[in-house]
Amino acid sequence: MNPFTYTKATDAADALRHGAAGGARYLGGGTNLVDLMRETIEKPDALIDVTGLSADIVETGDGGLLIGAAARNTAVAEHETVRTRYPVLARALVAGASPQIRNMATVGGNLLQRTRCPYFYDADGARCNKREPGTGCDAIDGFNRGHAILGASGACAATHPSDMAVALAALDATVHLRGADGTRSVPLTEFHTLPGDHPETETVLRPGELITAVELPPLPFAAHSAYRKVRDRASYAFALASVAAAVDVEDGTVRDVRLALGGVATKPWRASRAEEALRGQPATPESFRAAARAELEAARPLRDNAFKIDLTERIIVAVLSQLTGADQ
Amino acid sequence: MSVIVNGSPRELPDDPRVSLLDFLRERLGLPGTKKGCDQGACGACTVLLDGERVLSCLTLAVQADGRDVTTIEGLGTPGDQHPLQKAFIAHDGFQCGYCTPGQICSAVGLAAEAGRGVPSHVTGDLTSEDIALTREEIRERMSGNLCRCGAHNGIVDAITETYASAEATA
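Residues numbered from 1 in each chain as written. Chains lettered and ligands numbered in written order. Predicted model: local features only at pLDDT ≥ 70, side-chain atom pairs only at ≥ 80, totals over all residues. Heavy atoms only, no water.

1. A closer look at the packing of helix α3 (residues 83-90) of chain B against helix α4 (residues 100-115) of chain B
All names here are of chain B.
Logical step 1: The contact between α3 and α4 brings their axes to 10 Å, and the two run at 125°. On the basis of their axis angle, the class for α3 and α4 is oblique. Remark: the crossing between α3 and α4 carries right-handed chirality. Between α3 and α4, the residues in contact are Leu-84, Gln-85 and Phe-88 and Thr-100, Gln-103, Ile-104, Ala-107 and Val-108, respectively. (Axes fitted to C-alpha atoms, helices over the stretch in contact; angles between N-to-C directions. Helix = DSSP H or I, 4+ residues; strand = E, 2+ residues; numbered from the N terminus. Parallel < 35°, antiparallel > 145°, perpendicular 65-115°, else oblique. Left-handed = near helix turned anticlockwise from the far one by under 90°. Contact = heavy atoms within 4.5 Å.)

2. Side note on the domain arrangement of chain B
All names here are of chain B.
Logical step 1: Each assigned domain of chain B is listed here: domain 1 (2-75) and domain 2 (83-169).
Logical step 2: Computed over C-alpha atoms only, the centres of domain 1 and domain 2 are separated by 22 Å.
Logical step 3: Every contact between the two is made by 17 residues of domain 1 and, on the other side, 17 residues of domain 2.
Logical step 4: Summing both partners gives a buried area of about 1,400 Å² for domain 1 against domain 2, and 55% of it is carried by carbon and sulfur.
Logical step 5: Connecting domain 1 to domain 2 are two salt bridges.
Logical step 6: Arg-116 is the salt-bridge partner of Glu-52, the closest N and O atoms lying 3.4 Å from each other.
Logical step 7: Put simply, domain 1 and domain 2 have eight residue pairs in polar contact (both at pLDDT 80 or more) between them.
Logical step 8: Looking at the side of domain 1 that touches domain 2, the elements with two or more residues in it are β3 (46-49), β4 (52-55) and α2 (72-75). (Domains from an automatic or database assignment. Buried area = accessible area lost by both parts, 1.4 Å probe. Salt bridge = Lys/Arg side-chain N within 4 Å of Asp/Glu carboxyl O. Polar contact = N/O pair within 3.5 Å; in protein donor to acceptor, adjacent residues only side chain to side chain.)

3. Description of helix α13 (residues 307-324) of chain A
All names here are of chain A.
Logical step 1: With 18 residues, α13 should reach 26 Å at 1.5 Å per residue; the first-to-last C-alpha distance of 26 Å fits that figure.
Logical step 2: By the burial criterion, the buried members of α13 are Lys-308, Leu-311, Thr-312, Glu-313, Ile-315, Ile-316, Val-317, Val-319, Leu-320, Ser-321 and Leu-323.
Logical step 3: Once α13 ends, the next one or two residues include Gly-325, with phi positive near 75°. (Expected span 1.5 Å × (residues − 1). Buried < 20%, exposed > 50% of the residue type's maximum accessible area, 1.4 Å probe, protein only.)

4. Section: the packing of helix α12 (residues 285-296) of chain A against α13(A)
Residues and elements named next belong to chain A.
Logical step 1: Between α12 and α13, whose axes approach to 9 Å, the crossing angle comes to 140°. Classed by the angle they form, the pair α12 and α13 counts as oblique. For α12 against α13, the interelement crossing comes out right-handed. Facing α12, whose interface residues are Pro-285, Phe-288, Arg-289, Ala-292, Arg-293 and Leu-296, α13 presents Ile-309, Thr-312, Glu-313, Ile-316, Val-317, Leu-320, Ser-321 and Thr-324.
Logical step 2: Classifying every residue of the contact of α12 with α13 gives eight nonpolar, three polar and three charged. (Nonpolar A, V, L, I, M, F, W, Y, C, P; charged D, E, K, R; others polar.)

5. Comments concerning unusual backbone geometry
Logical step 1: Even without being a glycine, Asp172(A) presents a positive backbone phi close to 60°.
Logical step 2: Tracing the sequence through the fold places Asp172(A) in the loop between α9 (164-170) and β6 (174-179).

6. Some remarks on the domain arrangement of chain A
Buried accessible area, meaning the area lost when the parts come together, often serves as the stated size of an interface.
Residues and elements named next belong to chain A.
Logical step 1: By domain assignment, chain A separates into domain 1 (5-48) and domain 2 (55-328).
Logical step 2: Between domain 1 and domain 2, the C-alpha centre-to-centre distance is 25 Å.
Logical step 3: Taken together, the 15 residues of domain 1 in the interface contact 17 residues of domain 2.
Logical step 4: Summing both partners gives a buried area of about 1,300 Å² for domain 1 against domain 2, and 65% of it is carried by carbon and sulfur.
Logical step 5: For the interface between domain 1 and domain 2, the tally reads one salt bridge.
Logical step 6: Glu-42 serves as the salt-bridge partner of Arg-114, at 2.9 Å between the closest nitrogen and oxygen.
Logical step 7: Inspection of the domain 1/domain 2 interface yields five residue pairs in polar contact (both at pLDDT 80 or more).
Logical step 8: Secondary-structure elements contributing two or more residues to the side of domain 1 that touches domain 2 are α1 (12-19) and α2 (33-38).
Logical step 9: Tallied by class, the residues present in the side of domain 1 that touches domain 2 amount to seven nonpolar, five polar and three charged.

7. A look at the interface of chain B and chain A
Logical step 1: Counting residues at the interface gives 40 residues for chain B and 37 residues for chain A.
Logical step 2: A buried area of about 3,100 Å², summed over both sides, lies between chain B and chain A, and 53% of it is on carbon and sulfur atoms.
Logical step 3: On the surface where chain B and chain A come into contact, there are three salt bridges.
Logical step 4: Viewed at the interface, chain A and chain B are joined by 18 residue pairs in polar contact (both at pLDDT 80 or more).
Logical step 5: Elements that contribute at least two residues to the side of chain B that touches chain A include exactly β4, α4 and α5 (135-141) of chain B.
Logical step 6: The dominant element in the side of chain B that touches chain A, judged by the number of residues it contributes, is β4(B), at four residues.
Logical step 7: Broken down by class, the residue content of the side of chain B that touches chain A amounts to twelve nonpolar, 18 polar and ten charged.

8. Let's talk about the packing of aromatic side chains
Residue and element names in this part refer to chain A.
Logical step 1: The final tally for this structure, using the stated rule, is one aromatic pair over all chains.
Logical step 2: Ring geometry for Phe-120 and Tyr-121: centres 6.0 Å apart, planes at 85°, overall edge-to-face.
Logical step 3: Looking at Phe-120, the relative accessible area reads 1%, which means it is buried.
Logical step 4: Relative accessible area serves as the criterion here: at 18%, Tyr-121 is assigned to the buried category. (Phe/Tyr/Trp six-rings, centres within 6.5 Å; stacked < 30°, edge-to-face > 60°.)

9. Looking at the pattern of salt bridges
Logical step 1: Counting across every chain of the model gives 32 salt bridges over all chains.
Logical step 2: Across the pair Asp304(A) and Arg303(A) runs a salt bridge, and its minimum N-O distance is 2.8 Å.
Logical step 3: Taking relative accessible area as the criterion, Asp304(A) reaches 22% and is therefore assigned partly exposed.
Logical step 4: The residue Asp15(B) makes a salt bridge to Arg17(B) at a minimum N-O spacing of 2.9 Å.
Logical step 5: The exposure class of Asp15(B) is partly exposed, given its relative accessible area of 29%.
Logical step 6: When salt bridges with common partners are traced through the structure, they connect Asp172(A), Asp256(A), Arg258(A), Arg270(A), Glu275(A) and Arg279(A) into a single cluster.

Below you can see the structure in the form of structure tokens.
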């Protein structure tokens, strides 16, 4: 690990002051950043520990929920409002990582975790445009069973690994940011960027900018929501494919729906085309399948990951059928 | 900067690169906490930080400033074993023993989490505060602790005997 200085920020202004220096990085639970530093993939000169900043989870005036960026994943998953009004978020959180890691990991850090693409991690043996911009990508023509079928470019097909962010994408969450120029809010679905020609850039964060909170707007039918994750083992593994869904059905017709995908895309993937295809349709497995296909038309498989197209379609149909009782 | 380890105050290292794991083992002479993968995949380094189970390999020692760390040495001694340590022996919850301190610290954290209603991936009703520690719940909640000897059945038995109510084991 390269040498660095460590500072525990007392408040957001203090964090920004220290974080403005080039080479400084904000530190949450450290579950990903410390590992990457040990691999010398991340080499910050200074760590600004922001776990002492707001970890509060409070209801907003309009009936939504404001989650401080320093809230631990466990704290969010066990929060009564999350469990009862946004179950998709609680389910996504407990589907991710292990209990020890969920006790450490923060909401802000979860959004900024890096891909687990094995070529990204193989600093000594593989080319990676995300790790070393412009050097090439050994995954595109390599072993890419775990890689993205949506949102990839010729430069990068690494998936975004978060489960939590998939639920947040479905819930229309916004990310609250604070920088030298003041505060701003960005929709979660616009927070992460597609790789394009610059996979080393992963978010719209400006240099030194800090995530202070994530806000969930009120969404009454989110009380009826679910997260399903398919992985290579029963627990403690990243998703091959996952689906976050909330659906509002009246008299057998889909009045509204929220759908997002994980494990199959280069960023938390809001399935807007599927949602559009489904609104106003009968709540049947046939409609769900047609909606899934509308989204997955854009899928571009690599050598080893074409199975994710069928798998994702089946998960979408299964989750929506479960939520609407269409599987009965 | 200082930390309380098993009830005693200790000075933290000047170099922030030192992990909590290396600090415990190499600077404090507490080798009970084990280094398995050193990258957060195996759970052998699990300790309790302010009562919550965490991975000491991915925690910088300086992050524990002002906090309370409990290792296996703080849970029980050969002459005064923790109930879980007795149960692990009774149920053959180990073979080589390397993962055992992490398993036991993790299970202590598990009991606290389940006791306050933290849901898991296999919890059926998210709105219930009352978690029944079934074998399925224990297996899921211990999935961050690997045992390469394959003693998982004995481990689940030991945790069940120590923490599960009669209702959950029926």
